[in-house]
Amino acid sequence: MKTALLFPPQWFPSQPYLAAPTLKGYLESKGLEVDQYDLNIESYDFFLSRPYLEYCIDKIKYRLDAPAQTPGERDVKQVYRQILSDTDYLENVLSEVESAKNVLRSEELFFQFPIYKQAYTALKIAMQLVSFAHFPTRLDLESLYMEGVPEDHLPGILGATQDPIRNPYFDLFQNFILPNMDLSSYGLVGISIIHVGQVIPALTLSRFIRQKYPDIHVSIGGSVFNRHADVLYDKQALFREYFHSVVLFEGELPLERLIGQVASGGSLESVPNLIYMQEDGAVKKNETAKSLPYEQLARPNFDQLPLEKYFMPYPVLPYMASRGCYWGKCTFCTHSFIYDSYYRKENEEKVAEDLAYFAERHGVKHFTFSDEAVSPNAFQRMSKAILAQKVDMKALAMIKFESNTVENQKLFDEMFQAGFIMLFFGLESANDRILSLIEKGTDKATEQQVLEDASRAGIWNHTYMFFGFPTEEKEEAIETVDFIIDNSEVRSANIHSVGQSTFTLEKDSAVFHNPSKFSIDRVIKHPDRDMSIMYDYEIKVGMTKDEVGEVYEKFNQVIDDCYPSSKIWKFLSREHFLLYLDKFGKEEIMNMASDEELVDA
């Protein structure tokens, strides 16, 4: 029996996601026949094409003539009239969209920043046109937002997945993608949902597959429905109309067993980590099996993926050298939940062999490590193995702050020499009290020393941070802001780029499960939004929401003032920036940002 693995929209169009290649590699090592399809990049190729944009213009004309059902629809009609009357604007969007995609796929043009910036802007404008056709839905190169957040509850899912007006994926799958796919030879289709923005597109897809191919077993995997496991017992409609089963935690062993049972017509009771609906309508969750050790896994297989279609001049592949998090204590984090909090890693010699294999097979040397965080000892062994095997690679990876006794310039020198030219640090805060509450296992002084050592080694340091962790006072947030300024490009230049956000309370985090420990008076749970992953809460200490928002907004000006190179890196996705960093180097990118003619073109 053949299996098809599908990766749905909405995700970044710059590289494949690792889920399907990982499962394909494992299942094929067991002698199973598996094909994979990246419908995310295929969707972008349809959206960002002249024929589809002309289709959107026709939809705008239809909606302009149709009676308005809401005040929002009445308001948007004026925008529709402006769009349709500006024929020069429309022709520019239609005529530039294909050339803009080609710029991002052309090595010659991609690295000319004014041309890149113009092309990227053209694609965003084209996506705005797609959004107007499906108002009030907003669709971008990074996100999908549907009014009312329908993925948070069953009625929302049922309505949104059957809405040809507001759901851009309804027509896309029904009229453009599925007619060009023949799934009739498959006995099982697996769909990975790793982000909430994929829920409506993925379930729209699965519903059409169920209707067109009633004999195919459709199974859902990925982190989102993993976190919905406790609320699926009364969601029989999902099992009747959208999928037959949900695979929890890592998919290799459960999917292998599921394929065997579906092929033989056997009972699903023996498949571990599976949720499914029995004949009597009861939803059942099978026993949990421990995830496989690394030596029983297999190298990811990127064959069949259209590497030439990604919005890159040459491929950048994801890679994972460990699963789970070796630290696993951060109180805001839920990433380890998909791995059932079970950390293990690959042998570092094998990592180097895998990178060399991908370099030869796919002509690639750029990699993004998807590990939650690579430990210092693993980085040391990995770097030595890469250098010993003479693997030509450039990569970015995530790292946790550790003591200078294990994370020092000697380590970073070796990492940089091996090809780790960009590191993502989870700074979160530079206030010791907040770091202690988060249980980061570090302090401000350690953050300072590690950033200095990594920067001296030549590495580009990117730091993640957020404002508004429960009980954080304004002066504590300002201490973090001052830390970012002191280490900025215009000061010591130990931090080179920054990603900021505000704290969000997520289901399954330590803060969620122990709110009183963090002075939270009440987690607000709406019974009619029981599939929500983000929660609001009430708290009487620390900054108010307005104060958090004020600090966040002012911090945007700090970045503009203290990080001139943000004129470059703010425009680039992390994969695109990796290529720029390899091409030009750290110093030249900073010099590029000072060229007003270049960045303002």
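Below you will find a few notes about this structure. (Residues numbered from 1 in each chain as written. Predicted model: local features only at pLDDT ≥ 70, side-chain atom pairs only at ≥ 80, totals over all residues. Heavy atoms only, no water.)

### Side note on the packing of aromatic side chains
Stage number 1. The tally for this structure, following the rule as stated, stands at 47 aromatic pairs.
Stage number 2. Aromatic pair Tyr52 and Tyr55: ring centres 5.5 Å apart, planes at 40°, arrangement tilted. One end of the pair is Tyr52 and the other is Tyr55, both in helix 3 (residues 50–65) and three residues apart, which spans about a single turn.
Stage number 3. Cation over ring: Lys583 sits above Phe111, and NZ or CZ is 5.3 Å from the ring centre. (Phe/Tyr/Trp six-rings, centres within 6.5 Å; stacked < 30°, edge-to-face > 60°. Helix = DSSP H or I, 4+ residues; strand = E, 2+ residues; numbered from the N terminus. Lys NZ or Arg CZ within 6 Å of the ring centre and 35° of its normal.)

### So, the sheet that holds strand 16 (residues 460–467)
Stage number 1. Spatial strand order, 10-13-14-15-16-17: six strands in an open sheet with parallel pairing. The sheet terminates laterally at strand 10 (316–319) and strand 17 (497–502), the two strands that pair on one side only. Across the sheet, the mean angle separating the axes of adjacent strands is 20° when strand polarity is ignored.
Stage number 2. Sheet analysis places strand 14 (residues 394–399) next to strand 15 (residues 420–428), joined by five bridges and oriented parallel. Bridging from a neighbouring strand, Met398 pairs with Phe424 of strand 15. (Pairing = 2+ DSSP bridges. Axes fitted to C-alpha atoms, helices over the stretch in contact; angles between N-to-C directions.)

### A word on a negative patch on the surface
Stage number 1. A grouping of Glu473, Glu475, Asp546 and Glu547 is seen on the molecular surface, where their side chains present a negatively charged patch.
Stage number 2. Structurally, the position occupied by Glu475 is in helix 19 (residues 474–486). (Patch = residues over 30% accessible without salt bridge, like charges linked within 9 Å, V, L, I, M, F, W, Y side chains within 5 Å. Areas by Shrake-Rupley, 256 points an atom, 1.4 Å probe, with all protein chains shown as cover. Salt bridge = Lys/Arg side-chain N within 4 Å of Asp/Glu carboxyl O. Lys, Arg positive; Asp, Glu negative; His and termini not counted. Charge placed at Lys NZ, Arg CZ, Asp CG, Glu CD.)

### With respect to the sheet that holds strand 18 (residues 505–506)
Stage number 1. Taken in spatial order, the three strands of this open sheet run 18-20-19, and their pairing is antiparallel. Whereas interior strands pair on both sides, the edge strands pair on one side only; in this sheet they are strand 18 and strand 19 (520–524).
Stage number 2. Examined bridge by bridge, strand 18 and strand 20 (residues 534–539) share two bridges and lie antiparallel to one another. Bridge pairing in strand 20 links Glu506 to Met534.

### Brief notes about the environment of Ile194
Stage number 1. Secondary-structure assignment places Ile194 in the loop between strand 5 (186–192) and helix 10 (199–212).
Stage number 2. Those residues in contact with Ile194 that lie beyond four places of it in its chain are Phe7, Trp11, Tyr17, Gly222, Ser223 and Val224. (Contact = heavy atoms within 4.5 Å.)

### Considerations on helix 21 (residues 545–562)
Stage number 1. Between its first and last C-alpha, helix 21 extends 26 Å over 18 residues, near the 26 Å set by a 1.5 Å rise per residue.
Stage number 2. Val548, Val551, Phe555, Val558, Ile559 and Cys562 are the residues of helix 21 that are buried. What you see down the axis of helix 21 is that its buried residues fit within an arc of 95°, all on one side. Facing away from the buried side of helix 21 by over 90 degrees, the exposed positions are Asp546, Glu553 and Lys554.
Stage number 3. Elements in contact with the buried residues of helix 21: strand 16, helix 19, strand 17 and helix 22 (566–569). (Expected span 1.5 Å × (residues − 1). Buried < 20%, exposed > 50% of the residue type's maximum accessible area, 1.4 Å probe, protein only. Arc of directions from axis to C-beta.)

### Overview of the nonpolar core
Generally speaking, nonpolar side chains in soluble globular proteins are found buried as a group.
Stage number 1. Grouped together as the largest cluster of nonpolar side chains are 184 residues, with contacts concentrated most on Leu48, Leu203, Phe225, Leu238, Phe243, Phe369 and Phe420.
Stage number 2. Looking at this core, the element that brings in the most residues is helix 7 (residues 113–133), giving eleven residues.
Stage number 3. Excluding residues that lie within four positions of it along the chain, Phe420 makes contacts with Phe369, Phe379, Met382, Ser383, Ile386, Met393, Ala395, Ala397, Met415 and Ile459.
Stage number 4. If you look at the next biggest cluster of nonpolar residues, it comprises 15 residues, including Phe332, Ile438, Phe466 and Ile520. (Core = buried A, V, L, I, M, F, W, Y, C linked by side-chain atoms within 4.5 Å.)

### A closer look at helix 18 (residues 444–456)
Stage number 1. An ideal rise of 1.5 Å per residue puts 18 Å on 13 residues; helix 18 measures up with 19 Å between its terminal C-alpha atoms.
Stage number 2. Along helix 18, the positions that sit buried rather than exposed are Thr446, Glu447, Val450, Leu451, Asp453, Ala454 and Ser455.
Stage number 3. Among the structural elements, helix 16 (409–418), strand 15, helix 17 (432–438), strand 16, helix 19 and helix 24 (586–593) are those in contact with the buried residues of helix 18.
Stage number 4. The first or second residue beyond helix 18 is Gly458, which carries a positive phi of 100°.

### A look at the pattern of salt bridges
Stage number 1. Scanning all chains against the criterion turns up 46 salt bridges.
Stage number 2. Here Asp140 makes a salt bridge to Lys124, at a shortest N to O gap of 3.2 Å. A residue pair is termed long-range when its members are at least 10 positions apart, and Asp140 in the loop between strand 3 (138–139) and strand 4 (144–145) and Lys124 in helix 7 qualify at 16 residues.
Stage number 3. Of the charged contacts, one joins Asp508 and Arg227 as a salt bridge, the two residues approaching to 3.7 Å between their closest N and O atoms. Taken together, the residues Asp508 in the loop between strand 18 and helix 20 (510–513) and Arg227 in the loop between helix 11 (223–226) and helix 12 (236–241) connect sequence positions 281 residues apart.
Stage number 4. On the basis of relative accessibility, which here comes to 17%, the residue Asp508 falls in the buried class.
Stage number 5. Through salt bridges that share partners, Glu42, Asp45, Glu98, Lys101, Arg105 and Lys309 make up one connected network.

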